[in-house]
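# Examination of the molecular architecture
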Amino acid sequence: MIRLLVVLLLWLAPASALAQAHPLDLSNLPKEMRDTLLRQNPELDGRPVTFPEANRLLADLIINQQYDAAELRLIPTAEGPRYQLVLGRIQRILSLDFSGLDALSEYEVRREFGLTDKASFDSQLLIEAAERVRAYYESQGFDQTKVDLEFERAANQGVKVRINVREGPRTVIGDIEVLTANTELAKKLKRELRGYRKEPINDKTMSEMRADLRAFLSRERYYRTEVADPQIESQDNGTRARLVYQFRNVDRYFVEFEGNVKITNAQLLGMLNLPEFSSSNPNVGAELGTKVKTHYVNNGYARADVNVKDEVGKQPFERVIRMSINEGPRIKIRRIDWIGRYSPTPEQLTGFLMQHSSEVMADGFFVKEDLDTALKNLVTDRWNQGYLRARIVSTRSSYNAARDEIAIQVNFDEGPLTQIRSVRFEGLAKLPEDELRALLKFKEGEALKLGDLEAGIFALRQKYRSLGYLEMNLINERQDLVRYNADNTLVDVVFQIYEGPQVQVGSIAVEGNTLTRDYVVMKELEFGIGDTLTPEKMEESISRLQRLGHFTSVEIRTLEEKTPISVRTVIVRVQDRDPGLFNLGFGVNSDRGLTVRGYTGIAYRNIYGTGRGISARADANYNVNEIKYLERKITLGYLEPYIFDSRVRGRVNLTRAVSVSDYSKRIAAEVNQTTYTLEQDITSHILLAWDVWSLATVRDFDINNEQELSLLDIATTGLTLDFDYRDHPFNPTRGLFSRLNIEYGAPWLGSTRTIEYGRGTASVAHYWPIRSFVWANSFRVGYLKNLSREPDGAVPFDKKGLLLGGQSTIRGFTPDEAFPNRYDFGAAFDTTRDRYNMTTEADMYLFKSELRFPVWGAIGGAFFYDGGAVTVRGVQIETPYRHSAGIALRYATPVGAVSFEYGVKLNPQRDRGEVPGVFHFSIGTF
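Before going into details, it helps to say that this report is about the structure given with it. Note that the coordinates shown come from a computational prediction; the quantities given were computed from them, not determined experimentally.

In this section: the overall build of the protein. Tallying secondary structure elements over the protein gives 18 helices and 40 strands in all. Reported as C-alpha extents along the three principal axes, the dimensions of the protein are approximately 105 × 90 × 80 Å. A buried classification covers 43% of the 926 residues belonging to the protein. Within the protein, residue pairs in contact and separated by at least 24 positions form 60% of the contacts whose partners lie at least 6 positions apart. As displayed, the protein offers around 46,900 Å² of accessible surface, 52% of which is attributable to carbon and sulfur atoms.

Structure follows, in structure tokens:
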């Protein structure tokens, strides 16, 4: 294992000595080693070096030159202090050669092996790596795999390692037997498990089978039936395995309620969540009865009683749990009386309790646990206001004669207001005291508030660490940070600070990247050699590396952390992700009755570890009800990650698409487009993209006879700027996302002679969490202007116009109802080409608002309102502002919500044949 030993004698040397340059004494090294070192580092020959330079040399020798046990010493001599290197070379792995791989790829096996070339040769670590490979094979169903190691020592103290893998046969699941006295259950279980036949027998498969069995048993009401590990019997020379499951406690339970009025059966069953319930309790009824009673108590029925009977059912292996419920009254809080010492009024204290408890108690009903929580919140609030000795002395409660109301008495001792007598700092050497005092929200003579104290501690840490003092620590944070006087009315706040060194990057080492090249990782780092290292730079670097998509994990740390060493080696540890990606999807939506959709894609995102990527994707849509025409799209892409040796990425996308543009006239558009793009992540939240040049050749044709109706070339250049501060890219619950897009098309870029225009859009979406709800709002504006000076110059509005209506803009409109349309353009609409050619300018605005709420698990709902308008100079639009409202049901997935939405037009134009409302289906939301 690589070790870096910087002698602690350096700590005893004066700081001025470390800052000075001293000669580097290599006389103690063997001649061959000394000559090699000077040949590789000629600048060391006779020139004095500083400590940071010597430290960087040391790290380079260990990480890249295969030296170990290296020490750097500052020694006194008659001529003055000198640096001395003591080096020792260890054996390294020269190469790793794998053989016998058939079922698994070498990439997978190398990833599991975990060691790379240049790693130090350690036979025990190699044995452990081989065992990891064997275990991985076993997890893939190869339980007879053998892994052998062979070592060949070379003359340069290196070792060639051969890893010989004998995979053996893969064991798959054959017969599955279910043993239980309940024959009906046995049949159901065998049907449930038959899909696992021919699956590899490994931990993953067995775990999935166990989870599926448990879920099935709960759904079918077998709450006590345990899922034990099966007996595994080998078949066909180890290529198949027979699984034998045994099930006990195979009674099926039914739950019935009687006596409940205020809380319905459906509410009780929803609370019990029986489809996911299981228990090892022999008395299932008592367990469920306790849950029901707790539910009543938590809803204010403090005197509720639940009597449970567990009876034999009418059918074999059937039991019925009957719950006889005496709900009793829902206990109202008649009043809360306050005694003791406190500064707020009783009404204010009571109001605080109601606002900081549960919804049930806020409605005026008594729940003891909620009352206790509210009282704790009250004490914490008084601490935050400077009453650091506040406490609840006691509470008492008493019922009225009917026992349906309760009076609560609280003995509350607020204690004295604690004021700050002094604020002191100890241990300061790097930062001035005045600068630190300015970070605090409190000062002498004011009340000490707990929240302000915690905020001050956080601000001090942030200040130091933002300047590179990563080891800064508040020594007395948990002891005597706050020191009271005799009667607890005055405090001294004393910050005992250990500042530590200001950390500088001396060298950078990349580890764990078995595929990705070092320079790819280095390009994404926000720091370089000689920079001050801060948490912000480390976090931003981790974020940039994660966004590449090349790694499953990223970690950044310093080799000398928790030491007083200032110039450090930064270790960047990554784990490569499989660069290959294959996607296949199928679905339907509600467009025009029923449209079938499908896609497939393949990508390789890290060619030869350089970060380059290629991709191909094919999409197809087919409307079953009306048009019955196959719409298709093929996209090819290439990514060059570091243009001009910078962080600028270059993309080339080739697209060929055929889609229906007018369903009523059966007109389609064929688009062949080439786009060259440069883009760069300015920060982890800001992306700038420039479409340097894009050319789209658009051919409109009649679907029936393929007759060409028009042919246009639209060549453009444009900028896009994204600001993404959402907490999740697909299912955001808070944050902000903004986008600005500017586009220009002209003949000199390659457009058809008559097409020159400028187009801009801007949008902002905000997500605001309100308890379990999310209020999402989006506002978008757009502007389009014809810039052509040709007599017949115009912008083809169907290709580049500002259109509203449809699922992505204003829901409740079909694609044909998008506006403005031929009705709005009137005589200016070119019916021969089915197009409006805009010669003036247009603008647009759009507002979308949703209140999203949870329903159950990953299922949620939303109420929405959409509204917007498009105006075109020279066109009289009868009703420019169109709007809709509706409801949505969604299922959250990692790549966005599967959404079912129904929108109703609030001002439908029935004379144009518009339908009142439209159902939409999609994946993803705004």
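From this point, things continue past the structure.
Now for helix α5 (residues 123-139). Taking 1.5 Å per residue as the helical rise, α5 with its 17 residues ought to reach 24 Å, and the 24 Å between its terminal C-alpha atoms agrees with that figure. Burial in α5 covers these residues: Leu-126, Ala-129, Ala-130, Val-133, Tyr-136 and Tyr-137. The arc that holds the buried residues of α5, viewed along the axis, is 115°, so those residues lie on one side. Looking at the buried positions of α5, the neighbouring elements they touch are β4 (92-99), α4 (106-113), β5 (146-153) and β6 (158-166). Put simply, Asp-122 is the residue that caps the front of α5, since its side-chain oxygen is 3.0 Å from the backbone nitrogen of Gln-124. One or two steps after α5, the chain reaches Gly-141, where phi turns positive at roughly 100°.

For Thr-814, the position within the fold is in the loop between α17 (797-800) and α18 (822-825). Given a relative accessible area of 23%, Thr-814 falls into the partly exposed group. For the pair formed by Thr-814 and Leu-709, sequence separation is 105 residues and the distance between their alpha carbons is 25 Å. Setting aside its immediate chain neighbours within four residues, Thr-814 contacts Val-915 and Val-918.

With that settled, the discussion passes to empty space enclosed by the protein. Here the structure, examined in full by the defined rule, presents 2 cavities of 30 Å³ or more. Roughly 50 Å³ of volume is contained in the largest cavity. Of the residues that constitute the lining of the largest cavity, the class distribution is 5 nonpolar, 2 polar and 3 charged. Taken as a whole, the second largest cavity encloses approximately 30 Å³ of empty space. Looking at the second largest cavity, the residues that line it are Glu-524, Arg-544, Leu-548, Pro-641, Tyr-642, Arg-647 and Arg-649. Here the residues of the lining of the second largest cavity are counted per class, giving 3 nonpolar, no polar and 4 charged.

With that out of the way, let us pick up the sheet that holds strand β14 (residues 391-399). In any sheet, the strands associate via hydrogen bonds between backbone groups, in a parallel or an antiparallel arrangement. Taken in spatial order, the 3 strands make up an open sheet running β13-β15-β14, and their pairing is mixed. Strands with a single pairing partner mark the edges of an open sheet, and in this sheet they are β13 (332-341) and β14. Within the sheet, the average angular offset between the axes of one strand and its neighbour, ignoring direction, is 20°. Bridge count between β14 and strand β15 (residues 405-413): 8 bridges; the pairing is antiparallel. Following the sheet pairing, Ser-397 is matched in β15 by Ile-408. Each of β13 and β15 is contacted by helix α10 (residues 346-355), which is oriented at about 125° to β13, the strand it contacts most.

Between the first and last C-alpha of helix α14 (residues 450-466) there are 24 Å, a value that for 17 residues agrees with the 24 Å anticipated at 1.5 Å per step. Its buried side turned inward, α14 meets β16 (419-426), α13 (433-437), β17 (473-474), β18 (482-484) and β19 (490-498). Following α14 by one or two positions, Gly-468 adopts a phi angle in the positive range, close to 95°.

This part takes up unusual backbone geometry. Residue Pro-820 is bonded to the preceding Phe-819 through a cis peptide linkage, with omega at 0°. Position of Pro-820 among the secondary structure elements: in the loop between α17 and α18. With a phi angle near 80°, Arg-221 is a residue other than glycine that sits in the positive phi range. Note on placement: Arg-221 falls in the loop between α7 (203-219) and β8 (231-235). Judged by relative accessible area, which is 31%, Arg-221 ranks as partly exposed. Even without being glycine, Asn-249 reaches a positive phi, approximately 50°. Along the chain, Asn-249 falls in the loop between β9 (240-246) and β10 (252-258).

This part is about the pairing of strand β12 (residues 318-326). The two faces of a sheet get side chains in turn, since along a regular strand they alternate between them. Bridge count for β10 against β12 is 7 bridges, and the pairing is parallel. Bridge pairing in β12 places Phe-257 opposite Met-323. Bridge analysis of strand β11 (residues 305-312) against β12 gives 8 bridges, and the strand direction is antiparallel. For Val-312, the partnering residue across the bridge sits in β12 and is Arg-319. With antiparallel pairing between neighbouring strands as the criterion, β11 and β12 make up a hairpin whose turn holds 5 residues, including Phe-317 at a positive phi of roughly 55°.

Along the chain, the position of Leu-417 falls in the loop between β15 and β16. Between the C-alpha atoms of Leu-417 and Ala-390, which are 27 residues apart in sequence, the distance is 9.3 Å. Setting aside residues up to four positions removed in sequence, Leu-417 forms contacts with Gln-385, Gly-386, Tyr-387, Ala-447 and Thr-489.

With that settled, consider the pattern of salt bridges. The tally for this structure, following the rule as stated, stands at 67 salt bridges. For Arg-882, the salt bridge goes to Glu-914, with nearest N and O atoms at 2.8 Å. Of this pair, Arg-882 sits in strand β38 (residues 881-893) while Glu-914 sits in the loop between β39 (896-905) and β40 (917-923), and the two are 32 residues apart along the sequence. Here the two residues Arg-882 and Glu-914 agree in accessibility, since each one is buried. Residues participating in the shared-partner salt-bridge network are Arg-811, Lys-848, Glu-850, Arg-852, Asp-866, Arg-890 and Glu-901.

Packed helices, taken two at a time, are described by their axes: the angle between them and the distance between them. Relative orientation of the contacting elements helix α6 (residues 183-193) and α7 amounts to 135°, with a least axis distance of 11 Å. On the basis of their axis angle, the class for α6 and α7 is oblique. As for the relative orientation of α6 and α7, their crossing is right-handed in sense. Residues Leu-185, Lys-188, Leu-189, Glu-192 and Leu-193 of α6 lie in contact with α7, whose contacting residues are Met-209, Asp-212, Leu-213, Phe-216, Leu-217 and Arg-219. Of the residues that constitute the contact of α6 with α7, the class distribution is 7 nonpolar, no polar and 4 charged.

Once that is clear, we can look at the nonpolar core. Grouped together as the largest cluster of nonpolar side chains are 23 residues, with contacts concentrated most on Leu-784, Phe-797, Leu-804, Phe-825, Tyr-836, Met-838 and Val-872. Secondary-structure elements contributing two or more residues to this core are β30 (708-724), β36 (841-856) and β37 (859-872). For this core, the element with the highest residue contribution is β36, accounting for 3 residues. Excluding residues that lie within four positions of it along the chain, Phe-825 makes contacts with Phe-797, Pro-820, Tyr-836, Val-872 and Val-875. By size, the runner-up hydrophobic cluster in this structure holds 22 residues, among which are Ile-420, Leu-460, Tyr-469 and Leu-474.

What the 3 strands build is an open sheet, ordered β4-β6-β5; its pairing is mixed. At either margin of the open sheet sits one strand with a lone partner, and together these are β4 and β5. Neighbour-to-neighbour, the strand axes of this sheet turn through a mean angle of 20°, independent of strand direction. Docked against the sheet, α4 engages β4, β5 and β6, running at close to 140° with respect to β4.

The rules behind these values
Residues numbered from 1 in each chain as written. Predicted model: local features only at pLDDT ≥ 70, side-chain atom pairs only at ≥ 80, totals over all residues. Heavy atoms only, no water. Helix = DSSP H or I, 4+ residues; strand = E, 2+ residues; numbered from the N terminus. Buried < 20%, exposed > 50% of the residue type's maximum accessible area, 1.4 Å probe, protein only. Contact = heavy atoms within 4.5 Å. Areas by Shrake-Rupley, 256 points an atom, 1.4 Å probe, with all protein chains shown as cover. Expected span 1.5 Å × (residues − 1). Arc of directions from axis to C-beta. Polar contact = N/O pair within 3.5 Å; in protein donor to acceptor, adjacent residues only side chain to side chain. 1 Å grid on protein atoms, 1.4 Å probe; cavity = no way out; pocket = protein on both sides within 12 Å on 5 of 7 lines; lining within 4 Å. Points joined across faces, edges and corners; volume = space filled by probe spheres on them. Nonpolar A, V, L, I, M, F, W, Y, C, P; charged D, E, K, R; others polar. Pairing = 2+ DSSP bridges. Axes fitted to C-alpha atoms, helices over the stretch in contact; angles between N-to-C directions. Salt bridge = Lys/Arg side-chain N within 4 Å of Asp/Glu carboxyl O. Parallel < 35°, antiparallel > 145°, perpendicular 65-115°, else oblique. Left-handed = near helix turned anticlockwise from the far one by under 90°. Core = buried A, V, L, I, M, F, W, Y, C linked by side-chain atoms within 4.5 Å.

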